[in-house]
Amino acid sequence: YNNKSYSIAATGGQLWIAPGGTNAFNTPQQNSDGFYHFNGTKWVHNKSEDMLNARDVVDIEVNPKDTTEVFVSTWSDNATVIPGLLRFNSENSSLVKILRIGGSAFDEEGNLWVGQSYVQPDGTTLIAKRDPSGNWTSIVVSSVHDAGARKPIAYNGYAFLPIPRKDDVGLKIT
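Predicted model only: the values in this text are computed from it and were never measured.

With that out of the way, let us pick up unusual backbone geometry. With a phi close to 60 degrees, Q30 is a non-glycine residue in the positive phi region. Owing to a relative accessible area of 43%, Q30 belongs among the partly exposed residues under this scheme. Phi is positive for D56, which is not a glycine, with a value near 55 degrees. Within the secondary structure, D56 sits in the loop between β4 (43–46) and β5 (57–62).

Now the structure itself:
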């Protein structure tokens, strides 16, 4: 255990802490701390080694319709769903490559929105959506190399993707 905290998720008396991060140039930190979960009674350390060596956990999203499904976003590796350790990558989703998942969010309809940056040589940023039946789609948001998408915000039928260091500051998707 340590005291690193990049982001925090809380629901139903439980708490998840993502200790990963990036530097000022959006470079992965190679943080192999896994993530921490307070299950209401005790702290559990989910080690990097137990998640196929996932590094730089920057966000954790709990499915509000099934709190046993936890989506772990990493800035260095694939996105992972716990339990069952299902790893989403370019072979089983519309995510591109394996790097720089800025975060994820569920909307009211059960869709999972995922922000991903720097996925092509031109620095493409995209937002991917996984519907409740498991189908994936993606929308290219920007081909500006310094975009660095973060955790999407899903609310009231819209998805918003914060894009720091970009002139238009973000994108609204319906």
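What follows picks up the thread again.
Let's shift gears to the environment of D56. Overall, the relative accessible area of 0% leaves D56 in the buried class. In the structure, D56 is positioned 23 residues away from D33 in sequence and 7.7 Å away in space, judged by C-alpha atoms. There is a polar contact of 3.2 Å between the side chain of D56 and the backbone nitrogen of Q29.

Sheet analysis places strand β1 (residues 7–11) next to strand β2 (residues 14–18), joined by 5 bridges and oriented antiparallel. Across the sheet, residue T11 finds its bridge partner in β2, namely Q14. Sheet analysis places β2 next to strand β3 (residues 35–38), joined by 3 bridges and oriented antiparallel. Counted as the bridge partner of L15 is F38 from β3.

The subject of this paragraph is the packing of aromatic side chains. Applying the stated criterion across every chain yields a total of 2 aromatic pairs. Ring centres of F38 and W43 lie 5.3 Å apart, and the angle between their planes is 50 degrees; this geometry places the pair in the tilted category. Take F38: its relative accessible area is 23%, and that puts it in the partly exposed class. Among the residues examined, W43 registers a relative accessible area of 39% and is labelled partly exposed. Judged by centre distance (6.2 Å) and plane angle (40 degrees), the rings of Y158 and F160 are tilted. For F160, a relative accessible area of 33% gives the class partly exposed.

Cut-off values and rules
Residues numbered from 1 in each chain as written. Predicted model: local features only at pLDDT ≥ 70, side-chain atom pairs only at ≥ 80, totals over all residues. Heavy atoms only, no water. Buried < 20%, exposed > 50% of the residue type's maximum accessible area, 1.4 Å probe, protein only. Helix = DSSP H or I, 4+ residues; strand = E, 2+ residues; numbered from the N terminus. Polar contact = N/O pair within 3.5 Å; in protein donor to acceptor, adjacent residues only side chain to side chain. Pairing = 2+ DSSP bridges. Phe/Tyr/Trp six-rings, centres within 6.5 Å; stacked < 30°, edge-to-face > 60°.

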